[in-house]
Amino acid sequence: SEMVTAGTLLTRHWQAMQIASFGPQEAVRSAQLYGVRPDQVRQAATMLAGELGAQHIDLNFGCPVRKVTAKGGGSAIPVHPELLASLVRAAVQGVEAAGCAGTVPVTVKMRVGISEDLPTFLEAGRAAEGE
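The residue numbering used here restarts from 1 in each chain and proceeds along that chain's sequence as written. With the structure being a predicted model, the display of local features is reserved for residues of pLDDT at least 70 and the display and counting of side-chain atom pairs for 80 or more, all residues being used for whole-chain, interface and lining totals. The basis for the side-chain values is all heavy atoms of the structure; hydrogens and waters are excluded.

**Brief notes about the nonpolar core**
Okay, step 1: Grouped together as the largest cluster of nonpolar side chains are 32 residues, with contacts concentrated most on L9, L33, V41, L48, I57, L59 and L84.
Okay, step 2: Going through the elements one at a time, α1 (6–10), α2 (14–20), β2 (30–34), α3 (38–51), β3 (56–61), α5 (81–97) and α6 (121–129) are the ones with two or more residues in this core.
Okay, step 3: Counting from the N terminus, the helices are the DSSP runs of H or I reaching at least four residues and the strands are the DSSP runs of E reaching at least two. Examining the composition of this core, we find that 7 residues originate from one element, α5, more than from any other.
Okay, step 4: Ignoring anything within four residues of it in the chain, the contact list for L48 reads L9, A20, A31, L33, G53, A54 and I57. The definition of a nonpolar core used throughout is a set of buried Ala, Val, Leu, Ile, Met, Phe, Trp, Tyr and Cys residues joined through side-chain atoms within 4.5 Å. In this scheme, a residue with accessible area under 20% of its type's maximum is buried, one over 50% is exposed, and one in between is partly exposed, where area comes from a 1.4 Å probe on protein chains only. Contacts were defined at the residue level, with two residues in contact if any of their heavy atoms lie within 4.5 Å.

**With respect to the packing of α5 against α6**
Okay, step 1: For the pair α5 and α6, the least separation of the axes is 8 Å and the interaxial angle reads 30°. It follows from the interaxial angle that α5 and α6 lie roughly parallel. For the element pair α5 and α6, the recorded crossing hand is right-handed. Taking contact as the criterion, the partners of P81, L84, A85 and V88 in α5 are, on α6, E123, A124, A127 and A128.
Okay, step 2: Partitioning the contact of α5 with α6 into residue classes produces 7 nonpolar, no polar and 1 charged. Angles here are taken between N-to-C directions and fall from 0 to 180 degrees, while the axes themselves are lines fitted to C-alpha atoms, restricted in helices to the stretch in contact. Orientation labels follow simple angle bins: below 35 degrees gives roughly parallel, above 145 gives roughly antiparallel, 65 to 115 gives roughly perpendicular, and whatever is left gives oblique. Helix crossings are classified by the rotation of the near helix relative to the far one: an anticlockwise turn of less than a right angle makes the crossing left-handed, while a clockwise turn makes it right-handed. Polar here means any residue other than Ala, Val, Leu, Ile, Met, Phe, Trp, Tyr, Cys and Pro, which are nonpolar, and Asp, Glu, Lys and Arg, which are charged; Gly is therefore polar.

**Some details on the environment of T120**
Okay, step 1: Relative to the assigned elements, T120 resides in the loop between β6 (118–119) and α6.
Okay, step 2: Residue T120 is classed as buried on the basis of its relative accessible area of 8%.
Okay, step 3: Every residue in contact with T120, bar those within four places of it in the chain, is listed here: P78, V79, V112, G113 and I114.

**A look at the sheet that holds strand β1 (residues 3–5)**
What holds strands together in a sheet is hydrogen bonding between their backbones, with the strands either parallel or antiparallel.
Okay, step 1: Any two strands are treated as partners once DSSP identifies two or more bridges connecting them. Taken together, 4 strands build an open sheet; the order of strands is β1-β2-β3-β4 and the sheet is parallel. Single-partner strands in this sheet number two, and they are β1 and β4 (106–110). Going from strand to strand, the sheet's axes swing by 35° on average, the running direction of each strand aside.
Okay, step 2: Where β3 and β4 come together, 5 bridges link them in parallel fashion.

Shown next as structure tokens:
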């Protein structure tokens, strides 16, 4: 799927709902979720897994677009492993709250680093794995 923003999904904006919906022909229902606030990510994961039928949630920590990273999101999140861990934890808790623990995996997408000079993948990967 295209990336859907947690906060926008929670407002049920028509574009977010369109991105997060699945057609009957889709064998695997995977949603790509973006957010910087754990409370919103938790609620959005619950909505995706419980209400919208997502079978997999992929957290996007790899978006390099300047307007996203300038707000601390996307590929800027792995620079802050504590935030990354709290976002992963929130998504897992959201899936659990939807009653889908163990059946809807939560994965992360990230880059080697925010730049060549600042690799973050090892520490960020460990932070995500711990959740």
